[in-house]
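Chain and residue survey
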There are 2 protein chains.
Amino acid sequence: MRKYNGSSKLLLQPRRTEEVSRVLKYCNSRSLAVVPQGGNTGLVGGSVPVFDEVIINMASMKNVVSFDKVSGILVCEAGCILENLISFLDNQGFVMPLDLGAKGSCQIGGNVSTNAGGLRLVRYGSLHGNVLGIEVVLANGDVLDMLGTLRKDNTGYDLKHLFIGSEGSLGIITKVSILTPPKLSSVNLAFLACKDYSSCQKLLLEAKRRLGEVLSAFEFLDNQSLDLVLNHLEGVRNPLPPSMHNFYALIETTGSDESYDKEKLEAFLLRSMEGGLISDGVLAQDINQASSFWRIREGVAEALMKAGAVYKYDLSLPVEKMYNLVEEMRIRLGDSSKVIGYGHLGDGNLHLNISTPQYDDMILAQIEPFVYEWTSKHRGSISAEHGLGLMKANKIFYSKSRESVQLMASIKKLMDPNGILNPYKVLPHSLSYS
Amino acid sequence: MRKYNGSSKLLLQPRRTEEVSRVLKYCNSRSLAVVPQGGNTGLVGGSVPVFDEVIINMASMKNVVSFDKVSGILVCEAGCILENLISFLDNQGFVMPLDLGAKGSCQIGGNVSTNAGGLRLVRYGSLHGNVLGIEVVLANGDVLDMLGTLRKDNTGYDLKHLFIGSEGSLGIITKVSILTPPKLSSVNLAFLACKDYSSCQKLLLEAKRRLGEVLSAFEFLDNQSLDLVLNHLEGVRNPLPPSMHNFYALIETTGSDESYDKEKLEAFLLRSMEGGLISDGVLAQDINQASSFWRIREGVAEALMKAGAVYKYDLSLPVEKMYNLVEEMRIRLGDSSKVIGYGHLGDGNLHLNISTPQYDDMILAQIEPFVYEWTSKHRGSISAEHGLGLMKANKIFYSKSRESVQLMASIKKLMDPNGILNPYKVLPHSLSYS
């Protein structure tokens, strides 16, 4: 987005945990601020230096430490690139429970630090469920070995969760242990059209019930998103005959039986067509067609960048109210902007994006704080999977109570008394620096 | 087990969160210790008063607050009995992601406070993944509203995880929001015999790969466990023709297609039989037979109580080493005791039990600290799903590093400076009361 410009003069690339520890010990003793950096693919400015923080870049810690083929437990260093881990596991007959558009550059340490969500959460759940252990270096340089490889462990407080999603503000994750499911051979993907949002919702409910154990993704986009992709990305075609559909859904199933799974999805589509839940649809016939379907969904962000300026919001909302916000925003902004909605419908996660020819403070003022107030009113989250970073640190109260944020700040102060770890991020300034 | 005798003079049964808050506020201001109590089914003395703590019993807070049929999100009060929630959801076409032997009396608040594991963890994962939100009353009476109903929320630290598994020592959970999966119609169960432990392990690996998306439980017991059940429980029969098998496995599948799922399990059994992984096996023909199979696995604990004194250990270990401990223990104890091993093989969770005619300190001295040292040496957990409670508070270092426990103690001190919440539990005395 080029929204944030760092101004650090020093970038360090530690190769081992001990080096991270020595750097933090030194910085802590002199109250020098640091910013940990993974693949730098975040969207909320969580990994940019704000003033002159020392950058600790994890790219050199990129080894797989161990992989247990019986349990499917992978232990690796924080700087491993997600796509490399996906390939490594694929060779072993396993899959990462996490997959997202930025996989080519994002790092697993950054994924865990930001509690990344992505495309497969509907099937495998969040990183709080899949990460079995971490090794983390605290602000004072102490190395906390919580690198367990056990599925169950109820001995004391499960401290690793504090670090999952804390965006590097409580410690720097150096190693990760993660439970990976066996790779199932049969993957099927359907690209479907729905006439209205209510049909999308009903389709989700039916998919959960009838595809139950094989459902592995349920994504949606509106026709404005599709138009943007068709207009701005090369080589992308609409898989459905041109006709006015308002919504599109991608349903992916992953199972262990090719012919049965395909049959099951086909039966589901037929039923949904007859019941009027979908108005058209096509099943990917091969892996190339499947990746061309995914290209549409994953290409929305890229198309937005090419279209001009973009105001991005990543919201969790109760599924039944989710699209109302897009419609209200359209009325509010009128012809000045394109308002598009897409995202992980299966998880109640809306990516609301507003596209304009160039940035305009007047438009921003019409969007914010309205979008946050609306989300808060419906008990949603103003950051479903992107985190708060620099961008939304001061907006945390829209989603969390004063008491909760106060406790977060107390824990931050306890664990990082000199405030050296990723300052100006996650927590509001009023609490961090009082 | 009747191992712990409380000596409290006061039991309070609050009906609303505000009452819990007022009680804690009062107790905190006068430094009166409290012990929160759910269904009192724990096995490590986590809910017993040690001296004269005030008991806060949650049994009166037993209402379902809301249930969303689109998302499957249940919000309820902490005192709801697990079995009642299971029935409630069943009527709505959903299931609890949690099931365990004590379901008839344990409460959801206690389940969450102890991070209960149980029979379905292999399918649905731990409560850290399924609990979406909690409402908790802190030591000073502050009510922390973290009762989110969102699948994704990355706004600040996810504090609820601190309370999941903290055994009431950081706050009292008053409400829970939990994600429940749709009920799938087809449940199949097989009772199988394996000649050695290595076959059990290979069977698990094959089951994960070939039954992948439908596998919902993988339990095991050794022939000593089965003998105990057959000898001490009435009306229980061995489903397999009498013959010397060393190990038994229960494999349950849950899917959405009756005939296909059964076929799939049958094909799997045939293949496993041909490959020599199982030496015999039977598929439950109806729900009665299925519950008689479950009765064997779930009856082990009851049979042990009837057999005499029992020394119970709940361990997580790498699956390949798990049963070595049982064998080593047999050699160590000789004829003085029956050593039995059973548990949740799919999760690497061994219930090691030693049965003797009566309690004997000499035998205990042969078991402990050996069992903890062995577990620690193999980087296991000395408490996989039961927690630490009173029984193992001082043994935490076998599974957690000094630095981690120190941080736990700092967090406890920050959140409960007067130490009123469930004292003598979870954390070692040396740290709690220094």
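Residues numbered from 1 in each chain as written. Chains lettered and ligands numbered in written order. Predicted model: local features only at pLDDT ≥ 70, side-chain atom pairs only at ≥ 80, totals over all residues. Heavy atoms only, no water.

On to the domain arrangement of chain A, then. All names here are of chain A. Split into domains, chain A comes out as domain 1 (1-183), domain 2 (186-300), domain 3 (308-386) and domain 4 (395-432). Placing the centre of domain 2 and that of domain 3 at their C-alpha centroids yields a distance of 23 Å. Taken together, the contact pairs 16 residues of domain 2 with 17 residues of domain 3. Taken over both partners, the interface formed by domain 2 and domain 3 buries close to 1,400 Å², and the fraction arising from carbon and sulfur atoms is 62%. The interface formed by domain 2 and domain 3 contains one salt bridge. Between Arg330 and Asp222 there is a salt bridge, and its shortest N-O distance comes to 3.0 Å. At the surface where domain 2 touches domain 3, the tally comes to 10 residue pairs in polar contact (both at pLDDT 80 or more). Looking at the side of domain 2 that touches domain 3, the elements with two or more residues in it are helix H7 (197-210), strand E10 (215-222) and helix H8 (223-232). Taken together, the residues of the side of domain 2 that touches domain 3 break down into nine nonpolar, three polar and four charged. (Domains from an automatic or database assignment. Contact = heavy atoms within 4.5 Å. Buried area = accessible area lost by both parts, 1.4 Å probe. Salt bridge = Lys/Arg side-chain N within 4 Å of Asp/Glu carboxyl O. Polar contact = N/O pair within 3.5 Å; in protein donor to acceptor, adjacent residues only side chain to side chain. Helix = DSSP H or I, 4+ residues; strand = E, 2+ residues; numbered from the N terminus. Nonpolar A, V, L, I, M, F, W, Y, C, P; charged D, E, K, R; others polar.)

All names here are of chain B. Spatially, E1-E3-E2 is the arrangement adopted by the three strands of the open sheet, whose pairing is parallel. Edge positions in the sheet fall to strand E1 (11-12) and strand E2 (34-37), since each of these pairs with one other strand and no more. Both E1 and strand E3 (residues 54-57) contribute to a ladder of two bridges, which runs parallel. Considered in E3, the bridge of Leu11 is made with Ile55. (Pairing = 2+ DSSP bridges.)

Taken together, the 87 residues of chain B in the interface contact 87 residues of chain A. Summed over both sides, the interface between chain B and chain A buries roughly 6,900 Å², with carbon and sulfur atoms accounting for 56% of that surface. Here chain B and chain A share 10 salt bridges between them. A salt bridge links Arg379 of chain A to Asp145 of chain B; the shortest N-O distance between them is 3.4 Å. Counting the contacts that link chain B with chain A gives 40 residue pairs in polar contact (both at pLDDT 80 or more). For the side of chain B that touches chain A, the secondary-structure elements that each account for two or more residues are helix H4 (121-124), helix H5 (127-130), strand E7 (143-146), helix H6 (160-163), helix H7 (197-210), helix H9 (258-274) and helix H15 (402-415) of chain B. Among the elements that take part in the side of chain B that touches chain A, H15 of chain B stands out by supplying nine residues, more than any other. The class makeup of the residues in the side of chain B that touches chain A is 31 nonpolar, 34 polar and 22 charged.

Core analysis: the largest hydrophobic core is formed by 174 residues, its most contacted members being Phe163 and Leu352 of chain A together with Phe163 and Leu352 of chain B. Ranked by residue count, the leading element in this core is helix H12 (residues 319-333) of chain B, at seven residues. Look past the residues within four positions of Leu352 of chain B in its chain and what remains in contact with it is Tyr311, Lys312, Tyr313, Leu315, Leu325, Val326, Met329, Val339, Ile340 and Val371 of chain B. In terms of nonpolar packing, the next biggest core, distinct from the first, is built from 26 residues, Leu119, Leu221, Phe293 and Val300 of chain B among them. (Core = buried A, V, L, I, M, F, W, Y, C linked by side-chain atoms within 4.5 Å. Buried < 20%, exposed > 50% of the residue type's maximum accessible area, 1.4 Å probe, protein only.)

We now examine the relation of the copies chain B and chain A. Superposition of chain B onto chain A requires a rotation of 180° combined with a translation of 0.0 Å along the rotation axis, giving an RMSD of 0.0 Å. What the superposition gives is, in effect, a two-fold axis relating one chain to the other. Residue Gly129 of chain B, judged by its C-alpha, is the member of chain B lying nearest the rotation axis, at 2.1 Å. (Least-squares fit on C-alpha atoms with pLDDT ≥ 70 in both.)

On to the packing of H7 of chain B against H9 of chain B, then. Each pair of packed helices can be described by the angle between their axes along with the distance between the axes. Residues and elements named next belong to chain B. Axis separation between H7 and H9 bottoms out at 11 Å; the angle between their running directions is 145°. For H7 against H9, the interelement crossing comes out right-handed. The segment H7 lies against H9, with Leu203, Glu206, Ala207 and Arg210 engaging Lys264, Phe268, Arg271 and Ser272. Taken together, the residues of the contact of H7 with H9 break down into three nonpolar, one polar and four charged. (Axes fitted to C-alpha atoms, helices over the stretch in contact; angles between N-to-C directions. Left-handed = near helix turned anticlockwise from the far one by under 90°.)

Right, let's talk about the packing of helix H10 (residues 287-298) of chain A against helix H11 (residues 300-307) of chain A for a bit. Residue and element names in this part refer to chain A. Between H10 and H11, the least distance of the axes is 5 Å, while the angle of their chain directions is 50°. In this view, H10 runs oblique relative to H11, as classed from their interaxial angle. Facing Arg295, Ile296, Arg297 and Glu298 of H10, the residues of H11 in contact are Val300, Ala301 and Glu302. Split into classes, the residues belonging to the contact of H10 with H11 amount to three nonpolar, no polar and four charged. (Parallel < 35°, antiparallel > 145°, perpendicular 65-115°, else oblique.)

Attention shifts here to the side chain of Thr174 of chain B. Residues and elements named next belong to chain B. Note that Thr174 resides in strand E8 (residues 172-179). Classification of Thr174 as buried rests on a relative accessible area of 0%. Engagement of the side chain of Thr174 in a polar contact is seen with the side chain of Glu135, the distance being 2.7 Å. Among residues more than four places away in sequence, those in contact with Thr174 are Thr17, Val20, Met58, Met61, Cys76, Glu77, Ala78, Glu135, Val136 and Val137.

Let us now look at helix H14 (residues 370-377) of chain B. All names here are of chain B. Every buried residue of H14 is accounted for by Phe370, Val371, Tyr372, Trp374 and Thr375. On the buried face of H14, the contacting elements are strand E13 (309-316), H12, strand E15 (349-356) and helix H13 (361-367). Directly after H14, the chain includes Arg379, whose backbone phi takes a positive value near 55°.

Turning to the sheet that holds strand E9 (residues 186-194) of chain B, a few remarks are in order. Residue and element names in this part refer to chain B. Taken in spatial order, the seven strands line up as E12-E9-E11-E10-E14-E15-E13 in an open sheet, and their pairing is antiparallel. Of all the strands in the sheet, just strand E12 (280-283) and E13 have a single pairing partner and so form its edges. This sheet shows a mean twist of 15° between the axes of neighbouring strands, independent of strand direction. In this structure, strand E10 (residues 215-222) lies alongside strand E11 (residues 247-255), joined through seven bridges in antiparallel fashion. Across the sheet, Leu215 pairs through a bridge with Thr253, a residue of E11.

This brings us to the environment of Gly104 of chain A. Residue placement: Gly104 of chain A occurs in the loop between helix H2 (82-92) and helix H3 (108-113). Placed 63 residues apart in sequence, Gly104 of chain A and Thr41 of chain A show a C-alpha to C-alpha distance of 9.8 Å.

All names here are of chain A. Taking 1.5 Å of rise per residue, 14 residues should cover 20 Å, and H7 covers 20 Å from first to last C-alpha, within 8% of that figure. When H7 is considered as a whole, its buried residues turn out to be Tyr197, Ser199, Cys200, Gln201, Leu203, Leu204, Ala207 and Lys208. On its buried face, H7 sits against strand E9 (186-194), E10, strand E11 (247-255), helix H9 (258-274) and helix H12 (322-333). (Expected span 1.5 Å × (residues − 1).)

Moving on, we come to the packing of aromatic side chains. Under the definition given, this model contains 29 aromatic pairs over all chains. Residues Phe220 of chain B and Phe247 of chain B carry aromatic rings whose centres are separated by 6.5 Å and whose planes lie at 25° to one another, so their mutual orientation is stacked. A residue pair is termed long-range when its members are at least 10 positions apart, and Phe220 of chain B in strand E10 and Phe247 of chain B in strand E11 qualify at 27 residues. Summarising the burial analysis for this pair, Phe220 of chain B and Phe247 of chain B share the class buried. Through a chain of ring-to-ring contacts, three or more aromatic side chains come together here, namely Tyr197, Phe220, Phe247 and Tyr323 of chain A. The cationic tip of Arg209 of chain B hangs over the ring face of Phe94 of chain A; the distance from NZ or CZ to the ring centre is 5.0 Å. (Phe/Tyr/Trp six-rings, centres within 6.5 Å; stacked < 30°, edge-to-face > 60°. Lys NZ or Arg CZ within 6 Å of the ring centre and 35° of its normal.)

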